[in-house]
Every structure is written in C-alpha cells, then in structure tokens.
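Chain by chain, the residues:
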Amino acid sequence: MAAFLLLILGPGMAPGQDTGRGFINAREFAESQGIAFQWFPMQKMLVMSKGPRLMRMVVDQTQAVVDNQPFTLPAAPHIEDGQVMVPARAIIRVFGSDAGPTPPPAAPTPEPPPVVVPPPPPATVVDPGSPAPMTAQESTPDGGQAPILVTARHSTREDHTRVVLEFDGNVSYTTESPAPNKFKLRINGCQNLIPTKRSNPAGRDLKGVSFNSGANRQGLVLTFDLHDGGKPPTIETVGNPFRMILSFAAPPGAVLATATAAVATATTPTPAAASATAKTPSNTASAAPSLTTPPPATPAESAKAVPEVSIEVPPATLTRSIFQGRAIIIDAGHGGPDKGATVEGLPPEKDITLAVAQALHRNLRAMGFTAYLVRSSDTQIAADRRQALTNKAGGDLFVSIHVGASGDENQAGAACYWFDSKGLSLEVDTGGKLSPQLVFNDWTQATRFDLARFLAQKVRDRLTTHLEMKDRGAMGLPLQPLKFIVYPAIVVELGMLSHPTEGPRLAAKGFQDAAAQAIANGIVDFFNGIRLNP
Ligand SMILES: [Zn+2]
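The structure presented is a predicted model; accordingly, all values stated were derived computationally and were not measured.

**Q** Can you lay out the side chain of T444 for me, pointing to particular residues and giving the numbers?
**A** Topologically, T444 is positioned in helix α6 (residues 436–446). In this structure T444 touches S421 and F449, once residues within four positions along its chain are discounted.

**Q** Could you give me a rundown of the pattern of salt bridges, with the residues and numbers involved?
**A** A full pass over the atoms with the stated rule returns 14 salt bridges. Across the pair D396 and R326 runs a salt bridge whose closest N-O atoms are separated by 2.8 Å. Pair noted here: D396 is in the loop between α5 (383–393) and β19 (397–404) and R326 is in the loop between β16 (243–249) and β17 (327–332), with a separation of 70 residues, a long-range link. The same class applies to D396 as to R326, namely buried. Two residues, D461 and R460, come together in a salt bridge whose shortest N-O distance is 3.1 Å. Ionic contacts of the salt-bridge type, sharing partners, join the residues R460, D461 and D471 into one network.

**Q** So what's going on with the packing of aromatic side chains? Residues and values would help.
**A** Enumeration according to the criterion identifies 12 aromatic pairs in this entry. Within the aromatic cluster, the residues linked to one another by ring pairs are F323, F369, F454, F526 and F527. Residue placement shows R365 over the ring face of Y372; its charged tip is 5.9 Å from the ring centre.

**Q** With reference to specific residues and values, describe the coordination of the zinc ion.
**A** At this site the zinc ion is bound by H334 (NE2), E349 (OE) and H402 (ND1), with donor distances of 2.1 Å. Each donor residue of the zinc ion belongs to the same chain, with the gaps between them written as H-x14-E-x52-H. Residue E349 is located in helix α4 (residues 349–366), and its partner H402 is located in strand β19; the two are separated by 53 residues in the primary sequence. Residue H402 is classed as buried on the basis of its relative accessible area, which comes to 4%.

**Q** Any details on the pairing of strand β12 (residues 182–188)? Residues and values, ideally.
**A** Here strand β11 (residues 172–176) runs beside β12; their pairing, made up of five bridges, is antiparallel. Within β12, the residue paired with T174 across the bridge is R186. Relative to strand β14 (residues 220–225), β12 runs antiparallel, the two being bridged by six bridges. The partner of I187 across the bridge, within β14, is L220.

**Q** Could you give me a rundown of the sheet that holds strand β10 (residues 160–167), with the residues and numbers involved?
**A** In any sheet, the strands associate via hydrogen bonds between backbone groups, in a parallel or an antiparallel arrangement. Read across the open sheet, the four strands follow the order β9-β10-β16-β15; overall the sheet is antiparallel. Unpaired on one side and paired on the other, β9 (149–156) and β15 (234–238) mark the two borders of the sheet. Across the sheet, the mean angle from the axis of one strand to that of its neighbour is 15°, orientation sign disregarded. Examined bridge by bridge, β15 and β16 share five bridges and lie antiparallel to one another. Considered in β16, the bridge of I235 is made with L246.

**Q** Break down the nonpolar core for me, with residues and values.
**A** The nonpolar side chains of a soluble globular protein tend to be buried with one another. With 57 residues, the main nonpolar core has L463, L494, I519, I523 and F527 as its most contacted residues. At the level of secondary structure, the elements contributing two or more residues to this core comprise β17, α4, β18 (370–373), β19, β20 (414–419), α7 (449–467), β22 (489–496) and α9 (509–529). Top element by residues in this core is α9. It accounts for 11 residues. Among residues more than four places away in sequence, those in contact with I519 are V356, L360, V399, I401, V459, L463, V492 and L494.

**Q** So, the sheet that holds strand β7 (residues 78–80): which residues are in play, and what are the values?
**A** Taken in spatial order, the three strands of this open sheet run β1-β8-β7, and their pairing is antiparallel. Each having just a single partner strand, β1 (23–25) and β7 make up the two edges of the open sheet. The mean angle between the axes of side-by-side strands here comes to 45°, regardless of whether they run parallel or antiparallel. Across three bridges, the pairing between β7 and strand β8 (residues 83–87) is antiparallel. Of the residues in β8, the one forming a bridge with I79 is V84. The sheet strands contacting helix α2 (residues 26–33) are β1 and β8, and the helix crosses β1 at an angle near 65°. Against the sheet, helix α3 (residues 88–95) touches β1 and β8, its axis set at about 75° to β8.

**Q** Describe the confidence of the model for the protein, with residues and values.
**A** With 73% of its residues at a pLDDT of 70 or more, the protein shows a mean pLDDT of 76. When the criterion is pLDDT under 50, residues 97–143 qualifies, and its contacts beyond four places in sequence or with other chains add up to 109 contacts. Note that pLDDT drops below 50 for residues 255–301; the model gives that stretch 114 contacts with residues more than four away or on any other chain.

**Q** Which residues make up the packing of α4 against α9, and what are the values?
**A** With their axes 8 Å apart at the nearest point, α4 and α9 run at an angle of 50° to one another. Taken together, the axis directions place α4 and α9 in an arrangement best described as oblique. Our pair here, α4 against α9, has a crossing hand that is right-handed. Between α4 and α9, the contacting residues are I352, A355, V356, A359, L360, R362, N363 and L364 on the first element and Q512, D513, A516, Q517, I519, A520 and I523 on the second. Here the residues of the contact of α4 with α9 sort into 10 nonpolar, three polar and two charged.

**Q** How would you explain the pairing of strand β2 (residues 36–40) if you had to name every residue and give the values?
**A** Counting buried positions over the five residues of β2 gives four, a clear majority of the element. Two elements, β2 and strand β3 (residues 45–50), share five bridges in a ladder whose sense is antiparallel. Paired with F37 across the strands is M48, a residue of β3.

**Q** Explain the environment of H361 to me, using residue names and the numbers behind them.
**A** Examined against the element boundaries, H361 turns out to sit in helix α4. H361 gets classed as buried once you look at its relative accessible area, which sits at 17%. Linking H361 and I329, residues 32 residues apart in sequence, is a C-alpha distance of 8.8 Å. Once residues lying within four places of it in the same chain are set aside, the contact partners of H361 are I330, A371, Y372 and L373.

Rules behind the numbers
- Residues numbered from 1 in each chain as written.
- Predicted model: local features only at pLDDT ≥ 70, side-chain atom pairs only at ≥ 80, totals over all residues.
- Heavy atoms only, no water.
- Helix = DSSP H or I, 4+ residues; strand = E, 2+ residues; numbered from the N terminus.
- Contact = heavy atoms within 4.5 Å.
- Salt bridge = Lys/Arg side-chain N within 4 Å of Asp/Glu carboxyl O.
- Buried < 20%, exposed > 50% of the residue type's maximum accessible area, 1.4 Å probe, protein only.
- Phe/Tyr/Trp six-rings, centres within 6.5 Å; stacked < 30°, edge-to-face > 60°.
- Lys NZ or Arg CZ within 6 Å of the ring centre and 35° of its normal.
- Donors = N, O, S within 2.8 Å, 3.2 Å for Na, K, Ca; no water.
- Pairing = 2+ DSSP bridges.
- Axes fitted to C-alpha atoms, helices over the stretch in contact; angles between N-to-C directions.
- Core = buried A, V, L, I, M, F, W, Y, C linked by side-chain atoms within 4.5 Å.
- pLDDT = per-residue confidence, 0-100.
- Parallel < 35°, antiparallel > 145°, perpendicular 65-115°, else oblique.
- Left-handed = near helix turned anticlockwise from the far one by under 90°.
- Nonpolar A, V, L, I, M, F, W, Y, C, P; charged D, E, K, R; others polar.

Following this line, the structure appears as structure tokens:
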C-alpha cells in the first residue's frame, strides 16, 4: 500500500503528507486499478466503480456520492489538459482497500474519448414499484442523536396554506392518504418528540392536524384533516436547517386548486406560470391553464366513449451511434391517491401518464437506448423522493409525462417545458444559516437548461408533427417535477383531458402509443442534433 501511494502521489508528496490537495489523473488511476471509469461530458460527471463500490464526482464540485451516500471531497475535481484530475487521498480512501499494489502504467493514456460507453444499470433501483420502506431509527449510524422536530409553523396565503416543519438534521418521510379527507405524513429517522413550539394551521385550507409518535415509539406521524374535496399537499424539502414545506391548496370553490405539478414556491410567478397559482375563484380561463387541475370530478357514472385511434409513427434513426445506450429516465406523473387531472368518464391523468411512460420505455429500449421508469405501477411517490430517485439514477435525460386539464374546456394541445427560474424566489427563512436561495442558485448555475430547452423543442416538434395536435409551445416554467434535477429534464404535457374531443383521444391506446413514439423520436432528434462539449 505504501509503495502504491508513493507511486500515485508522485515525487514531492510523501504518503504521510496529508494535504488533501494532491491530484491524480482519474482515468490512469482507474485503469491501473481495474476500476470501471465513465465520463459524462454533458454533466461533467465522473463515475468510478469496482465491485459493489460506486463513486460519482462532478467537476468543480466538492460534493461527491459514494455508494449513494454524500461524500465530501477535500478539493473539487478539475480538468487539466483534457484529463479529469481528482483528489488522490479521497480516491484512495474510497477504493484503496481494494486497490491492489499494481503500479499505474508508465505511459499516460491518451485523452478520454468524448463520449461514455453505455452506462451500466444505475446502482440504485429506479423502478421501485412502491416507495422503498425507510426504517425509523432513533440514533444515527455513527451513534449520534437522531434529529428532532424543532418547530412546526404555518402561514396562510392567497391560495394555499403552508406548513413548515423544521428539523435539526435530515429525515426521510413517507405519505399516505388513508381516507378521502385525511393525509398522513410519517417522518422516519427522527426522535419521537412532539415539539412544544408549534402553530395550529386549522382554518380555510385545513381542518386540523394531530401529532403522534410512530409505531414502537419510532419517528413521528402527523395526521392532517382536510376539508371536503381537499387534496394532499405538495411537499418540498430544503436543507440547512432541514425543513419540509407542505402546501395545502385552498379547497375548490375558495380558489382554483393547484396541481401537484404546480409552482410550489413561486412567490412572484411569471405571467405564464400564473395559472398554477390562480388568484381568484373567477380565474378559470387564464392564459396558460395547462397545469391547473379542475375541481375533483364526481365519480364517473357514464364513461365517455374512447375513440379508436390509429396513428402511424415511424421510429426515427439515431445517426450518431456514440449515443447508443444513453440512459433516459421516464417519470409517469402522479400515481396512487394522487390522480392528477381528472375528468368525469375518463381515466385519470395518472393512468394515462403510466401507459405512455411504459410505451416510451419499450420504444427507447427497442431503439438502442437504456431507459428506466421512476414508477411502473399505480403508486404514489412523494415529489422529493422522485427527485432523489431521478438524480440517483444518473441518467442522461429526464422526461416527466403529464396531461393537462383546464376549467376552460376549449383549451387543447401539447406542450413541453424546461425549467426556468424566472420569477421564482425561495422563501428565505434562514435563521442566519445557509439560505435556500443560495442552494437554489448553485443548482441553477450547475444545470444545463440550454440542453433541456433543446430537448423540449425537439419533443414538441415531434408531438405536433406526428399527432396533429395544437401546438401549445415549448417554454420555460419553474415546474416542481423539474426542480433540482441535475441533468437535462423536461415535462411533456400531452394534451388537455378537459377538452371534449382531445380528452377521450388521450385515453385511447392508439394515441398513447403514438405519443410515446413521438417523444422517443424527439429524443433521437436531440441526440442527432446536439454538439458535444469540446
Ligand atoms: Zn400532472
């Protein structure tokens, strides 16, 4: 081991000299140690794996991931003469115990090719079927105390009530809707202490909330009583301190309800995003009502006639074989108790998105891509868990599939969105610590929205060409499903369920298959059209 260290640290850096700043050529190191090495130029991401061990690093970032756990590097990887240089000590710590004494090759290897070999299946299973159970624990693995819920506070806004739960450490959670007007939040990995500092959010948007400790006195369970027709909240988490922000939309009638895919934290929405935070009860025909959900429909008694749809969509050809095997992560919007948009007599949005996602999954695989589904069954996955699954999957592109609905049934057409932070400002409540805005800024700076925009345009072009639908455009919006996704990500909105002819068409298998092929073709156009990073 000592000889090995000397060799890779080179002259001038003795093994005992732990500055943490010595860099080695990642590719050379990997090759010398039999470590699989992949370079994702678009994301400037490096993945090294050996046996069960997997390490992911991003150029210019000290935050890395080892075996799906956060891992802080002493210094950020950087590029030098076209080679990725990584901090030596950290790599040795991660791979050292397995790394044999084989010296690195004498001659440096040539430049890394610009494109990765097809990535292996991600280390995490992206297709959980159901949210993975999270075990509650009262103490952390390193023997420290589990976090506590420090405070629960709330504020009532124009169209929603926001409940903020603040912890002194990170926790995980699961959600349940055990009855139509009940919403349960199970918080795991925290102590079962109910805070004395808490406000009561009972009012227009909520009937009340009760706090209990979880089963076997592990974790906490919060049960929210909703008004009739009340919907489960959207949930966001932010760090430093760790907070969960639950937004309960005002009940139908008070204002137009917001969709799950709504702008959850926009305080000053753009005009285009205004529909997601509709202001008044009369605001049923806003400019872009695409992401709003009409009041819940009464149970379907008369199913609408679903037309026979047959649209021939020939698969596009990937002309750049270097992109064979690229990984596309497919997110079927909503699921489980979260039905998404609903219209009487038609299947809910969650069923249509799943059918299209599954067809897209098949098509992409048939076309030579790697593809994964975030959900493959009718299950609810909380927004932040979707984000975590998506990011952990380490894909090349992310496509979230949705269907729109509007109080104005004349609205029709397909649209594609990329994330645009315009008009978005995070609630700043930092307590003197790191501001969520800074975290958000960091993400926006590190993310290739230009690629997401290019993808949205390509998919939009195909949808409107193949499906003969009204073109509602490709545009940037601060949409929840796209937030904090670390590679190019889009929301595809296939059409309006509330439209008298488009709605039933969306439910037709022939349409769903054609839509899936059109999206797949848009993805091919994307890869055929992009230029690689130098
Ligand atoms: Zn949706």
